[in-house]
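Coordinates in review
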Amino acid sequence: MEAVISGKAGLAMLIEGEQTRILYVQDPEEEMVVRPEDFRYYFQGVGDLLFLEDVTRQVAVDSLQSAYKREETRRYMGYLFDPDLQTSTRTDLAQHLETQWEIIPGLEPEFYSRPIPRENLAAAQAICTETGADHVMAFVNNLVALQPSIEKVWWAWEQISPDLFVKKPDEESPELKSQKKSEFEVFAFQAGLFGDMALAVENGKLALFQMTALTKANHYVGPFELWGRKTIIGEWVHGPGLSTTGKVAEQEREERRDEPKKRDPKNRKKRRGKKQPNLSNREKAENVTKQKDAITHAIESGNLDRAEKYLADLRRDQLGWGDDEFFAKTLCHLAMIAKEEGLFQLQKKLTEESIEVNPRDAWAWAQYGDALLRNGHLTEALETYERSMGLGEDVVAMCGRAEVLKAQNKLDQALAAYEEVMASHPNAVVAKTGRAEVLKAQNKLDQALAAYEDVMASHPNDVVAKTGRAEVLKAQNKLDQALEAYEEVMASHPNDVVARNGRAEVLKAQNKLDQALAAYEEVMASHPNDVVARTGRAEVLKAQNKLDQTLEAYEEIRKTFPFNQIASNGLACVLAVRGQTSQAIALLQNLETKKWRTSHEWSGLHILGMLYLKTNQVHMAMDIFQQGLDCPRPIEVDYFRSALALAQLKRGEIAAAIQTVDTLASNDLFSDSIRLQVFATAGETEKAYGLHHQLIQSPVLLMQEIVREIDHRYLSKTGAGYSEAWLIDKQCTLLFATA
Amino acid sequence: MFWAVASMYNHGMEQLIVCENTICQNKFHISAGRCPHCGHAYFPNVKAAKQEGETLSLNQRHQAAINDIKSPGMLTKVSTFESRCKKTLAVIARPMPLTLDLAWADTHMYSTFYQNVEAERQMPQGSKWDVLRRLADGAMFTYYEKYIRFAALSLDGMGLHNYGECSIILKEEFTEERTSVFEENTVMFMKHHDIKIWDAPDLPPGYRAPWEQRHILCTAKLACRINEKTQESHFPQLLLSPGETTETDEFVEVHIFGPITIRAVAKVIVKRYKRRPLKRDLKILEDKLKAYNIPLEVR
């Protein structure tokens, strides 16, 4: 059946053939037959419609209850501050909310969007104290703390002239201008900009917020036209009572200068009566070098608390001396250390601060762009590099931009970008190796190999070119040559992590799993934060079918690298194999609405589609597979094609399924099993038997099960042992186990 | 203040009206909501109900219904019914959660289904959802369906409880200028009269009325059902009768143009049904309505 759910209304409409029924969340056992046209009556005033396809009644009811609980909690959180309600009513609400405490944090940011009168907040605090609702109290306290910032943001919004919201303010009516401002406000509210800005004001990160807000506005898809978005956001951020980055930093510096230096009690005797001498520039430079070395050492040894402490001292000193520009550069230098250690979040934090300290430093912006790229924020990275280029940064920003385009799978644009750098800077090795990398991504392996070998000819010590060449050999399935190439690099550069990981990957491809595991673990011993080694190790464990250890490995990775898509994909597959499909879906759902995806995100999207297929959400699965046909990487398009064929089979669209498998180029295990099922179902026995003979010999037990069942059902026709749903479920499991 | 009366031209699917502002007198589409030339505002559903062909046909139906009454006693009964119908109320039936959302603040507007589908997630493609696409409103309210709120006409304040346990009675003074009524559920009307969707702009006239003429329509529709056994206490159920399913609901449909907030609400009646509504929600509603001086009745 199909179902339409509204958590706000607390009702679901079930559509089964020609019959339509309604049920309410409070009485789910009671159904009432209605007309399909009643849809418009039941869902008047509702904005949270969820359309489910091919679901059971229980799934529909569970979805409704989950959606309703969330909406109810949101409603009650709002009513907690409503002075119109009697205290007894609000007390009851607080007690009920306390039982739903796990939902509150997810909804909390929505309440940062509007100021709440202080007396209402105070009343809510009193009620929480009275009832002992500690979790609710935490939510209220957060709101109280943030109110000054929320008020400033709201006030700044109110001051923005409606004239800015239309193209020709002199020619438009005041009503239209007000309407346009209201529409922008709705967008800003729905996109969470009010809350984000309040937090940005609180944390002194308005420059960053300005960029993020503009990105969201630039990528907005909806019914409103957001005219003048750049000017409006700029006007908002510079509104009355709000400091921009430079001003905040300046104020903080002034405060620091005025703050009396804390005296160490241990040194009191020594310092008594002695005046602290002013430091010369040379002494300052020596101090800074010592501090930087100490911080570097702390980062490299993984003692991040100590690194933070030393950094606080260095910050106080350099900013205290007025050396903002140098401090910004120091931060970037430390960010590069963090990056080398695989500490991408720390890299991002440091570079964020550097651009706050000196927003005019083009190189700092380029470093921040790199940090964003490492952390998977591609759209922001692109804009950041462009900003850097605007401020005058040259090769680094241009190459960075090309790298982001490559990560976004805009391969033609990435190639053009690298070639542009090479044209203006013929000796830029980064551009040459970058270009070779793009050629590899485009599957132009011979050209990629030639490009790397060209670089090696003119730059024989360039390790990136050497490891790049080895990677191409691996992609060409010349595994022995690839292994040799990596080992050559390791001989001259024994600490090169890329070569060591590459070698481990080749060993895995050769099915030498124990050796591969050992190789990854060696890398992790010297580089515990190297995410490539950690995900590689997890993949080997999965290939060895050690699922518990695999799960643990991926979960550990996600703690440190929450945005690492390989880990998310791997974890989702393991959860799916273990039957924890809802959790697997939750991991990957954000990929559905992403506009530009990396290669790993495309893989994740494919896995998500299969998860939807497995849970009978066929409509959503097909949406995803159709999207996948636009994937810029040909190999990955085939994965989506084969999955689409499976979904078409599930819907009984056999002719469409045949057409789809006819366009398949891949011959991997998953694609072949789909081909077999489609041909067998369609009665194309000759093609089916050919595949049957090949696949029944597969060492993968799951494949043998699938092939046997297809044979019983369609070929030898000895009778189906299982249902069709079982067959599709097994196909999904095959993907999760081998992905 | 400009005075404008519209006349309608039917050009197949086009619905153009002429602004009779003596200075303006230009044509524009009925959905515009305001004359784009001189700015005079009006409500397209009300204008459609007031056009000459409609009122003429409605009056003819009304007269025919009166003429069919044979006995003076029955005539008195029908007259009484008609008088009572002058005091009918527009009632929207909704579930408690949505009523609470409306009551939250007077900036919360009661939006239509169409506005929400436009602003939020769209209905998915695919034949499985075609059954929900058979909506008549696009034909009935060409281009302005997203501004129409649906209610039912009621004599006792109770709405169609199949759509929710809260009957939200609207203030007449806040809605009368922008409200029209229709013989029955628009979809059922098209079904009963065997009207195809592409013929919708040419709906048979005489089945809709502006708010101030609603009693005429009620009589034209229901006079034939009043007999010797009908008593005054039966009038509310004669006018609005919820069925076992929504297919068998009987009512006069009310169409309100434009937004509705809590300020437009005169009263709320909550009828308890099994576990609905939750006591907690009822308490919240009670407190909120008190703040707006809106009476709440619980049955």
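Conventions adopted
Residues numbered from 1 in each chain as written. Chains lettered and ligands numbered in written order. Predicted model: local features only at pLDDT ≥ 70, side-chain atom pairs only at ≥ 80, totals over all residues. Heavy atoms only, no water. Core = buried A, V, L, I, M, F, W, Y, C linked by side-chain atoms within 4.5 Å. Buried < 20%, exposed > 50% of the residue type's maximum accessible area, 1.4 Å probe, protein only. Helix = DSSP H or I, 4+ residues; strand = E, 2+ residues; numbered from the N terminus. Pairing = 2+ DSSP bridges. Axes fitted to C-alpha atoms, helices over the stretch in contact; angles between N-to-C directions. Contact = heavy atoms within 4.5 Å. Phe/Tyr/Trp six-rings, centres within 6.5 Å; stacked < 30°, edge-to-face > 60°. Lys NZ or Arg CZ within 6 Å of the ring centre and 35° of its normal.

1. A word on the nonpolar core
Side chains of a nonpolar character, in soluble globular proteins, are inclined to be buried together. Leu588(A), Met610(A), Leu611(A), Leu613(A), Phe625(A), Val678(A) and Phe736(A) are the most contacted members of the largest nonpolar core, which has 134 residues in total. Tyr79(A), Leu97(A), Leu206(A) and Leu58(B) belong to the second-largest nonpolar core, a separate cluster that totals 100 residues.

2. Details of unusual backbone geometry
Trans is the common state for peptide bonds, and a negative phi is the common state for residues other than glycine. Residue and element names in this part refer to chain B. Between Arg276 and the following residue, Pro277, the backbone shows a cis peptide bond with an omega angle of -15°. Positionally, Pro277 belongs in the loop between strand S10 (265-270) and helix H12 (279-291). Unlike most non-glycine residues, Gln25 shows phi in positive territory, near 55°. With respect to the helices and strands, the residue Gln25 is situated in the loop between strand S2 (14-18) and strand S3 (27-29). Look at Asn293: it is not a glycine, yet its phi comes out positive at around 55°.

3. Quick word on the sheet that holds strand S8 (residues 208-210) of chain B
Pairing between the strands of a sheet is mediated by backbone hydrogen bonds and can be parallel or antiparallel. Residues and elements named next belong to chain B. What the eight strands build is an open sheet, ordered S8-S7-S9-S5-S4-S6-S10-S11; its pairing is mixed. One side of each edge strand has no neighbouring strand; the edge strands of this open sheet are S8 and strand S11 (296-298). Averaged over all neighbouring strand pairs, the angle between strand axes comes to 30°, with direction disregarded. Note: strand S7 (residues 179-182) against S8, three bridges, orientation antiparallel. When the sheet's bridge partners are listed, Ser180 is paired in S8 with Pro210. Contacting S10 and S11, H12 runs over the sheet at an angle of about 155° to S11.

4. Comments concerning the pairing of S7(B)
Residues and elements named next belong to chain B. Where burial is concerned, the two faces of S7 agree: the one with Thr179 and Val181 and the one with Ser180 and Phe182 are both buried. As defined by bridge partners, S7 adjoins strand S9 (residues 253-257) across four bridges and the pair is classed as antiparallel. Note that in S9 the partner of Phe182 across the bridge is Glu253.

5. Focus on the pairing of strand S4 (residues 27-34) of chain A
Residue and element names in this part refer to chain A. Here five bridges tie strand S3 (residues 19-24) to S4, and the two strands are oriented antiparallel to one another. Paired with Arg21 across the bridge in S4 is Val33. Counted between consecutive antiparallel strands, the loop separating S3 from S4 contains two residues.

6. Concerning the sheet that holds S3(A)
All names here are of chain A. Strand order across the open sheet formed by five strands is S4-S3-S2-S1-S5, with antiparallel pairing between neighbours. Only two strands of the sheet have a single neighbouring strand rather than two, namely S4 and strand S5 (49-52). For this sheet, the mean angle separating the axes of adjacent strands, direction not counted, is 20°. The strands that helix H2 (residues 57-79) touches are strand S1 (2-6), strand S2 (11-16), S3, S4 and S5; relative to S1, the one it contacts most, it runs at about 10°.

7. Points about the packing of aromatic side chains
Summed over the entire model, instances satisfying the criterion amount to 23 aromatic pairs over all chains. Judged by centre distance (5.8 Å) and plane angle (70°), the rings of Trp157(A) and Phe165(A) are edge-to-face. We note that Trp157(A), like Phe165(A), is buried. Ring centres of Phe81(B) and Phe235(B) lie 5.1 Å apart, and the angle between their planes is 75°; on these two criteria the pair is classed as edge-to-face. On the criterion of sequence distance, the pair formed by Phe81(B) in helix H3 (residues 72-85) and Phe235(B) in helix H11 (residues 235-239) is long-range, its members being 154 residues apart. In this structure, Phe81(B) and Phe235(B) share a single accessibility class: buried. Three or more aromatic residues joined by ring pairs make a cluster, and in this case those are Trp154(A), Trp157(A), Phe165(A), Phe184(A), Phe187(A), Phe194(A), Phe209(A) and Trp236(A). The side chain of Arg114(A) reaches across the aromatic face of Phe194(A), ending 5.4 Å from its centre. Between the NZ or CZ atom of Arg276(B) and the centre of the ring of Tyr24(A), over which it lies, the distance is 3.6 Å.

8. Quick look at the side chain of Asp672(A)
Within the secondary structure layout, Asp672(A) lies in helix H35 (residues 669-682). Not counting the four nearest positions on each side in its chain, Asp672(A) is found in contact with Asn667(A), Leu691(A), Gln694(A) and Leu695(A).

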